[in-house]
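Below are the chains, spelled out letter by letter.
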Amino acid sequence: MHTTTARTLAMVITTSLFAAVLTVVGQTSPAEAAAKYCTGVEANSSVTAAKAIEVKQRSTITADIYLCEKSGDRYVRDSGPYKARLGYNGTTSTKKEGDGKTPKGVFWMRDGFGTSSNPGLGKPWTKVTRDHVWVDGDATKAEGYNTMQLKSEGFEGESLYQPKPYKYAQVIGYNEARTPGKGSAIFLHANTESMKTAGCVSMYESSLVKAMKWEGSTKTQILIH
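Keep in mind that this is a model prediction, so the values were computed, not measured.

### As for the overall build of the chain
Then, in step 1: From N to C terminus, the chain includes four helices and 14 strands.
Then, in step 2: Counting only residues that meet the buried cut, the chain has 40% of its 225 residues in that class.
Then, in step 3: Across the chain, the fraction of contacts at a sequence separation of at least 24, relative to all contacts at a separation of at least 6, is 60%.
Then, in step 4: When the accessible surface of the chain is summed, it comes to about 11900 Å², and 53% of that surface belongs to carbon and sulfur atoms.

### Considering the nonpolar core
If you look at soluble globular proteins, the nonpolar side chains tend to sit buried side by side.
Then, in step 1: In this structure, Ile53, Val55, Ile65, Leu188 and Val201 are the most contacted members of the largest nonpolar core, which totals 27 residues.
Then, in step 2: Those elements that provide at least two residues to this core are strand 1 (51-57), strand 2 (62-71), strand 3 (74-85), strand 6 (105-114), strand 12 (187-190), strand 13 (201-203), helix 4 (205-215) and strand 14 (220-224).
Then, in step 3: The contact partners of Val201, leaving out residues within four places of it in the chain, are Val55, Ile65, Ala84, Arg85, Leu86, Thr102, Ile172, Phe187, Leu188, His189 and Ile224.
Then, in step 4: Counting ten residues, the second-largest nonpolar core is a separate cluster that includes Phe113, Trp134, Ala185 and Phe187.

### Comments concerning the state of the cysteines
Then, in step 1: One pass over the full model with this rule turns up one disulfide.
Then, in step 2: The disulfide partner of Cys38 is Cys68, and the gap between their sulfur atoms is 1.9 Å. Residues Cys38 and Cys68 are joined through a disulfide that is left-handed, its torsion about the S-S bond being -90°. Separated by 30 residues along the polypeptide, Cys38 in the loop between helix 2 (30-35) and helix 3 (39-42) and Cys68 in strand 2 bring together distant segments of the chain. The same class applies to Cys38 and to Cys68, which are both buried.

### A few points about the sheet that holds strand 9 (residues 148-150)
Then, in step 1: Overall, antiparallel pairing links the three strands, which are arranged 9-8-10 in an open sheet. Each edge of the open sheet is held by one strand with a lone partner, namely strand 9 and strand 10 (158-159).
Then, in step 2: Summarising the sheet, strand 8 (residues 132-134) and strand 9 pair through three bridges and their orientation is antiparallel. Directly across from Trp134, in strand 9, lies its bridge partner Met148.

### Observations regarding the environment of Glu193
Then, in step 1: With respect to the helices and strands, the residue Glu193 is situated in the loop between strand 12 and strand 13.
Then, in step 2: According to the relative accessible area criterion, Glu193 is exposed, its value standing at 73%.
Then, in step 3: Linking Glu193 and Lys164, residues 29 residues apart in sequence, is a C-alpha distance of 7.3 Å.

Cut-offs and rules
- Residues numbered from 1 in each chain as written.
- Predicted model: local features only at pLDDT ≥ 70, side-chain atom pairs only at ≥ 80, totals over all residues.
- Heavy atoms only, no water.
- Helix = DSSP H or I, 4+ residues; strand = E, 2+ residues; numbered from the N terminus.
- Buried < 20%, exposed > 50% of the residue type's maximum accessible area, 1.4 Å probe, protein only.
- Contact = heavy atoms within 4.5 Å.
- Areas by Shrake-Rupley, 256 points an atom, 1.4 Å probe, with all protein chains shown as cover.
- Core = buried A, V, L, I, M, F, W, Y, C linked by side-chain atoms within 4.5 Å.
- Disulfide = S-S within 2.5 Å.
- Pairing = 2+ DSSP bridges.

In short, geometric facts, not functional conclusions.
Written as structure tokens, this is what we have:
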């Protein structure tokens, strides 16, 4: 083979390979494209907020959390996955008081509370004391079922002064009609020492703080599915 011909052939091959590499780099696979979006959120018409926390169940008691923000007609994954824990008996669409299950569905994220000061959530925050309880159990609506109250005012319920799980916590707006027996005290909070919850969604404390700062003051929904 003549030297000139060989050089020309080598240049053609090199150019073709370079073009092929550029083409591959510029392409995005369907899986990569899907990873940028919260497709689970987009599939649920009840999600309308500017921001949404997607809790995607992985096993009976574990989940992945994605922080999703609306951009045009789509929800983009801002960050995640973050590891999360669910109720010790899994999840349910028909939550009942004391069943140990996390309710499935779409709910609004409400006020925050904790034994420490607000870490950056842009919503009302209550720094709880040993006097604060969340009314649960057999209480009726008239007795404050599914609300934060004070023991000193005669109310009974779960103590909110729990420095490990409730150092930082936020109310998930489940059963806001306060229907007795339908379930109460559903929060997004830091992991417990046992890594178990009775129906809440929990995260590592550092991840929870990131989520709260991300949420800020924006109206946010949570999708548990």
